[in-house]
Amino acid sequence: MGLYDFTFYDLVNRNAFCYGRKVAWFEVDDSRSLTFLEYKGKVDRLAQGLQAFGIRKEDRIGILGKNCLEYFVLYGAAAALGAIVLPINWRLSAPEIEYNLNDCTPRLLFTGSEFQGLVEEIRGRLPSVERFFNLEPGGGRFESIQSLVSGDGTFEPPDVASDDGFVIIHTAAVAGRPRGALLSHGNLLCSDMHFDYFCGLNSTDVHLNLLPLFHVGGLHMATAIFHAGALNVNMSKFDAVKAVDLIAEKRITFMFDFAPILASILDTHEKTGQDISSLKSVVGLESPETIERYQKTTGGTFFCMYGQTETSCVATFSAYDERPGSAGRMLPLAQVRLVDEYDRPVPVGQVGEITMKGPMVFRGYWNLPEDNRYVFRDGWHHTGDLGRFDEEGFLWYAGRKAEKELIKPGGENVYPAEVEKAILEHPAVQLTVVFGVPDPKWKEGIKAVCELKEGETLSAEALIDFVGKRIARYKKPQYVEFVDVMPLLEDGNPDRAKVKTLYGGKV
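So, here is what we can say about the structure in this document. The model shown is predicted, which means the values in this text are computed figures rather than measured ones.

**Some remarks on the overall build of the protein chain**
Of regular secondary structure, the protein chain possesses 14 helices and 23 strands. Over its C-alpha trace the protein chain gives a radius of gyration of 23 Å, about what one expects of a compact globule, namely 23 Å for 507 residues. With the principal axes as the frame, the protein chain shows a C-alpha extent of 70 × 55 × 55 Å. Counting only residues that meet the buried cut, the protein chain has 60% of its 507 residues in that class. A separation of at least 24 residues holds for 65% of the contacts in the protein chain among residues at least 6 apart in sequence. Accessible surface, the protein chain as shown: approximately 20,600 Å² in total, 51% of it carbon and sulfur. Counting 54 positive and 69 negative side-chain charges, the protein chain places the centres of these two groups 2 Å from one another.

Below you can see the structure in the form of structure tokens.
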């Protein structure tokens, strides 16, 4: 590590010194807790065991499991060795999980108990994985993680720089193929500092850690609160009743929200009458009605943002009340500009593609040099998203470029092309167009408009079930509409714009 470098493991050491006896993590499922000093001890012992196994800098370590203490310790141990964490979305189908693992070739795979049956089914098709471990301590099909932490924590620290890779998070499949976005230590820590600064987080705060650690939002919220020397209260699975209990009992001050999480918490609060006034800060994507309801109920502040995995979670940010409906202003350590199809800056008020540069921009897509050359063209990261700036510098999100159209049900990213590919595997379907529609629960839902082959019949329920068996179930359409004739372009392809105009209203 050079004189000017700082990594996540340096933060582990710094916080062990500054907040040693303060509780850093509370595990809701089994009431385990540990201090910042104890966290460093677990990290060092696991790093020693991983190094003894032969894990070296830039080796990948796969994780497939729900949030738990060991998951977060693995992040710290990997950081200590310069290894790269490959967290897998457990909501994916078995073929999708297999693809993501083989895409990044981890040497080890740590698996939670409820996913070990799935891993057993595909382990013969995971040639890079040398050993399989249970993620949680105790019983399981694989070797215990405890077998790696029997030493005294002595290991040989490698030379790890701020710009070295730390985590690969697969983004939604564009053109049917997920891409692994590589984030560095510097990316993560810079993102942490922005969240801590804007939300006023310090060592007295308490975070309800309910988003999965495979998600860029879940990871960055957990590390931002850790960075502030504050407490993570970890839920392995969201439950509104339990969440309200925890907010009242632990005096939770901070959380990240994707619809319908916050609405369900407010609904439960109204039924139980429990005190949730400690919840002073919520960050996320939500409807104006739910935001205003939250602020009226708690007196807290809702923060709006724009970002993606490739921008280390965030690019613009502000309190909702500063400019309701906007995605905030650009970060202190980011430059954001909007460009036209020829990468020329567009004037204020005009819609253009959102591009960004600065220390928040990711290192690139794993093993995809052509994609990286395209996305980083002209010295800027091209997000594929559209927006406009107003006269005071607030960004207003305006959707996706046609080449990267995206649907976001409940905070997940779904590309229509991937869903359309699965639908067209059904022998009864001739043509389909998939797009996002307003949804009362998920904010945005997935709708499929389909033309069947001549003489074929098919129900919406049967098609939805068919798709849900081929890709992650959160990607299946919630709404299906069959049409006699699909609007077509001159080249014979579906006229997507016309289909949306005709069938894209509220459902």
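Back to the write-up after that little detour.
**Quick look at the environment of Leu148**
Topologically, Leu148 is positioned in the loop between strand E6 (131–134) and strand E7 (165–170). The class for Leu148 is buried, based on a relative accessible area of 8%. Note: C-alpha distance between Leu148 and Gly49 (99 residues apart in sequence) is 4.4 Å. The residues contacting Leu148, other than those within four sequence positions of it, are Arg45, Leu46, Gly49, Leu50, Phe110 and Phe133.

**Here's the deal with the sheet that holds strand E20 (residues 395–400)**
A sheet is described by the order of its strands in space; here four strands give the open sequence E16-E17-E19-E20, paired in antiparallel fashion. The open sheet has two edge strands, strand E16 (335–339) and E20, and neither has a second partner. Each neighbouring strand pair of the sheet contributes to a mean axis angle of 45 degrees, computed without reference to strand direction. In this sheet, strand E17 (residues 352–357) lies alongside E16 in antiparallel orientation, the contact comprising five bridges. Along E17, the bridge assignment pairs Gln335 with Lys357.

**Some remarks on the environment of Ile354**
Its location among the elements puts Ile354 in strand E17. On the accessibility criterion, Ile354 (1% relative accessible area) is buried. A sequence separation of 187 residues divides Ile354 from Val167, and the C-alpha atoms of the two residues are 24 Å apart. Excluding its chain neighbours within four sequence positions, the residues that come into contact with Ile354 are Tyr306, Val336, Arg337, Leu338, His381, His382, Thr383, Asp385, Leu386, Gly387 and Leu395.

**Brief notes about the layout of surface pockets**
Computed from the structure, the second largest pocket encloses a volume of approximately 750 Å³. Along its surface, the second largest pocket is lined by 29 residues, and Trp90, Arg91, Gly410, Glu412 and Trp442 are the ones closest to its centre. Along the lines of polarity and charge, the residues of the lining of the second largest pocket split into 15 nonpolar, seven polar and seven charged.

**A closer look at the packing of helix H6 (residues 185–199) against helix H7 (residues 216–227)**
Direction vectors running N to C along H6 and H7 enclose 70 degrees, while the axes themselves pass 8 Å from each other. As judged from the angle between their axes, H6 and H7 are roughly perpendicular. For the pair H6 and H7, the contacting residues are Asn187, Leu188, Leu189, Ser191, Asp192, Met193, Phe195 and Asp196 in the first and Leu219, His220, Met221, Thr223, Ala224, Ile225 and His227 in the second. Residues of the contact of H6 with H7, tallied by class, amount to eight nonpolar, five polar and two charged.

**Things to note about empty space enclosed by the protein**
The rolling of a water-molecule-sized probe over the atoms marks out the regions of remaining empty space. Summed over all chains, the structure comprises one cavity of 30 Å³ or more. Here the largest cavity defines a volume of roughly 30 Å³. Forming the boundary of the largest cavity are His207, Leu208, Asn209, Leu210, Leu211, Gly217, Gly218, Met221 and Phe256. Among the secondary structure elements, those contributing two or more residues to the lining of the largest cavity are strand E9 (206–209) and H7.

So, how was this worked out
- Residues numbered from 1 in each chain as written.
- Predicted model: local features only at pLDDT ≥ 70, side-chain atom pairs only at ≥ 80, totals over all residues.
- Heavy atoms only, no water.
- Helix = DSSP H or I, 4+ residues; strand = E, 2+ residues; numbered from the N terminus.
- Rg over C-alpha atoms; globule rule 2.2 N^0.38 Å.
- Buried < 20%, exposed > 50% of the residue type's maximum accessible area, 1.4 Å probe, protein only.
- Contact = heavy atoms within 4.5 Å.
- Areas by Shrake-Rupley, 256 points an atom, 1.4 Å probe, with all protein chains shown as cover.
- Lys, Arg positive; Asp, Glu negative; His and termini not counted.
- Charge placed at Lys NZ, Arg CZ, Asp CG, Glu CD.
- Pairing = 2+ DSSP bridges.
- Axes fitted to C-alpha atoms, helices over the stretch in contact; angles between N-to-C directions.
- 1 Å grid on protein atoms, 1.4 Å probe; cavity = no way out; pocket = protein on both sides within 12 Å on 5 of 7 lines; lining within 4 Å.
- Points joined across faces, edges and corners; volume = space filled by probe spheres on them.
- Nonpolar A, V, L, I, M, F, W, Y, C, P; charged D, E, K, R; others polar.
- Parallel < 35°, antiparallel > 145°, perpendicular 65-115°, else oblique.

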